[in-house]
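# Summary of structural features
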Amino acid sequence: MIKAIRFDKTGGSDVLQYVDYDLPPPPAGQVRVRHTAIGVNFIDTYHRSGLYPLPLPSGLGSEAAGVVEALGAGVTSFKVGERVGYCSGGLGSYADANNVPADRLVKLPDGIGDEIAAAALLKGMTARYLLRQTYRVSPGETVLFHSAAGGVGMIGCQWAKHLGVTVIGTVGSPEKATLARANGCAHVLLLREDWKARVREITGGVGVPVVYDSIGKDTFEASLDCLRPRGLMVTFGNSSGPVPAFPPSQLAAKGSLFLTRPVLFHYVATPKELQENADELFAVLLSGAVKVAVNQRFALKDAAKAQDALTGRKTVGATVLIP
Ligand SMILES: NC(=O)c1ccc[n+]([C@@H]2O[C@H](COP(=O)([O-])OP(=O)(O)OC[C@H]3O[C@@H](n4cnc5c(N)ncnc54)[C@H](OP(=O)(O)O)[C@@H]3O)[C@@H](O)[C@H]2O)c1
């Protein structure tokens, strides 16, 4: 029997229950991971609220680090006792342990602690595909990255700066602005000011080649107005709610813009892609080019409090649960 967060109906954080759960032995092709640290991500709140529906009852959480405890039939790529992490397959990470497909696990290098792995895998791999694949940034470019003091944002802005990019970041408060400035942003704009006008000003009226927007509903329209002609709008989250439907002709009117709505899983769908992404992330973490801290820690049983802090904009950087 393990302890796990589970839910049988969607809703607010009060639907989350801390229960005894009978985790079966790992099936063929899977590995049982005993967790030491669990990542908290905005997607967990979409699963809980029903924005991204799951069959219920269900476990929750996509990311954790820990130790291999048992191997399902046919697994030869891992050994019991090895340090591993995952973030793209293996729902149910809000628990003492979880069964995860072996091809969704990565080995953790020495030098990357479990809490940092749980804080950085999902957010860091997201930052990596956004900056290196969705729109491959080049040195000298100026880009707009929303939620610069958030989990993905703090990694993304440092990484973009490391790649020679001038980052304009947005944040919700002056305290977060200080943090964003210390983490890669050359310019930090408050969401309550006219940030769209400021982006135009900073770019000499031209606009940016790419906007990384995870806020969604509240910022979508104005983000389009920050792009230069033929620029790329990357809408990759719904922190303020999902973007409503809109006519494609708007993209024409605003300068033959491109639009994409990417998801991490499609960038790490094969074991090779997953490993390549993880290797690049580990390299920037180990070199110190990107620094990740655990900014909030909660006990596993307090997962609801952790989620309320995240949706209530009370967190900065990364949040982990400790089982
Ligand atoms: N598509 C993908 O592959 C992918 C992967 C990972 C994450 N994401 C998305 O990226 C975003 C960031 O994830 P995260 O886990 O790192 O979260 P986070 O950025 O740490 O937290 C969300 C931040 O959004 C900002 N925000 C602005 N308006 C908000 C509102 N109305 N309600 C709540 N927050 C608001 C807040 O920062 P301020 O107070 O500074 O405004 C808040 O701290 C999420 O939307 C997530 O779904 C997408």
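Residues numbered from 1 in each chain as written. Predicted model: local features only at pLDDT ≥ 70, side-chain atom pairs only at ≥ 80, totals over all residues. Heavy atoms only, no water.

### Comments concerning the site of the ligand
- Surveying the vicinity of the ligand reveals 28 residues, the closest of which are Y46, Y129, G172, K176 and L264.
- One of the backbone N or O atoms of F42 is found 3.1 Å from an oxygen atom in the ligand.
- Computed on the free molecule, the ligand has an accessible area of 910 Å², of which 91% lies beneath the protein chains in the complex.
- When residues of the shell around the ligand are traced back to their parent elements, those giving at least two are α1 (42-49), α2 (114-134), α3 (151-162) and α10 (303-311).
- In terms of residue count, the dominant contributor to the shell around the ligand is α2 (3 residues). (Near = heavy atom within 4 Å. Polar contact = N/O pair within 3.5 Å; in protein donor to acceptor, adjacent residues only side chain to side chain. Areas by Shrake-Rupley, 256 points an atom, 1.4 Å probe, with all protein chains shown as cover. Helix = DSSP H or I, 4+ residues; strand = E, 2+ residues; numbered from the N terminus.)

### Observations concerning the domain arrangement of the protein chain
- By domain assignment, the protein chain separates into domain 1 (2-120 + 268-322) and domain 2 (139-261).
- Relative placement of domain 1 and domain 2: their C-alpha centres are 28 Å apart.
- Between domain 1 and domain 2, the contact holds 18 residues from the first and 17 residues from the second.
- Looking only at domain 1, the three residues that lose the most surface to domain 2 are V290, R313 and G317, adding up to 29% of its buried area.
- Scanning the region where domain 1 abuts domain 2 turns up 0 salt bridges.
- In this assembly, domain 1 and domain 2 are joined by 9 residue pairs in polar contact (both at pLDDT 80 or more).
- Among the elements of the structure, α1 and α9 (271-287) are those that each provide at least two residues to the side of domain 1 that touches domain 2.
- Examining the composition of the side of domain 1 that touches domain 2, we find that 3 residues originate from one element, α9, more than from any other.
- Classifying every residue of the side of domain 1 that touches domain 2 by side-chain character gives 12 nonpolar, 3 polar and 3 charged. (Domains from an automatic or database assignment. Contact = heavy atoms within 4.5 Å. Buried area = accessible area lost by both parts, 1.4 Å probe. Salt bridge = Lys/Arg side-chain N within 4 Å of Asp/Glu carboxyl O. Nonpolar A, V, L, I, M, F, W, Y, C, P; charged D, E, K, R; others polar.)

### Quick look at the sheet that holds strand β4 (residues 58-59)
- Taken together, the 3 strands give an open sheet; going across it, the order is β2-β1-β4, and neighbouring strands pair in antiparallel fashion. Two strands in the sheet have a free side with no partner beyond their single neighbour: β2 (17-21) and β4.
- Sheet topology places strand β1 (residues 2-7) next to β4; 2 bridges connect them, and they run antiparallel. Within β4, the residue paired with F7 across the bridge is S58. (Pairing = 2+ DSSP bridges.)

### Some remarks on the packing of α1 against α10
- Closest axis-to-axis distance for the α1/α10 pair is 10 Å, and the angle between their directions is 110°. By the angle between their directions, the pair α1 and α10 is classed as roughly perpendicular. In contact with F42, D44, T45 and R48 of α1, α10 contributes Q307, L310 and T311.
- Of the residues in the contact of α1 with α10, the class split is 2 nonpolar, 3 polar and 2 charged. (Axes fitted to C-alpha atoms, helices over the stretch in contact; angles between N-to-C directions. Parallel < 35°, antiparallel > 145°, perpendicular 65-115°, else oblique.)

### Comments concerning the pattern of salt bridges
- One pass over the structure, following the stated rule, counts 17 salt bridges.
- The salt bridge partner of R32 is E69, with a shortest N-O separation of 3.0 Å. With R32 in strand β3 (residues 30-40) and E69 in strand β5 (residues 64-71), this residue pair connects regions lying 37 residues apart in the sequence.
- Between E280 and R128 there is a salt bridge, with its nearest N and O atoms 2.9 Å apart. You can see E280 sitting in helix α9 and its partner R128 sitting in helix α2, a full 152 residues away along the chain.
- You can call E280 partly exposed: its relative accessible area is 25%.
- Connected via shared salt-bridge partners are K196, E221, D225 and K254. (Buried < 20%, exposed > 50% of the residue type's maximum accessible area, 1.4 Å probe, protein only.)

### Focus: the side chain of D96
- Along the chain, D96 turns up in the loop between β6 (83-86) and β7 (97-101).
- Buried charge without a partner: D96 forms no salt bridge, and the closest opposite charge is R34, 4.5 Å away.
- Other than its neighbours up to four places away in sequence, D96 contacts I2, K3, V33, R34, H35, L300 and P323. (Lys, Arg positive; Asp, Glu negative; His and termini not counted.)

### A look at the packing of aromatic side chains
- One pass over the full model with this rule turns up 6 aromatic pairs.
- Here the aromatic cluster, defined as three or more aromatic residues joined through ring pairs, consists of F42, Y46 and Y52.
- In this structure, K107 packs its charged tip against the face of F78, placed 5.1 Å from the ring centre. (Phe/Tyr/Trp six-rings, centres within 6.5 Å; stacked < 30°, edge-to-face > 60°. Lys NZ or Arg CZ within 6 Å of the ring centre and 35° of its normal.)

### A look at unusual backbone geometry
- The omega torsion across L56 and P57 is 0°, close enough to zero to call that bond cis.
- Relative to the helices and strands, P57 resides in the loop between α1 and β4.
- Its identity as a non-glycine residue notwithstanding, R230 has a phi of 65°, on the positive side.
- Here R230 shows up in strand β13 (residues 227-235).
- On the basis of relative accessibility, which here comes to 63%, the residue R230 falls in the exposed class.
- If you check the backbone angles, S256 has positive phi at about 50° while not being a glycine.

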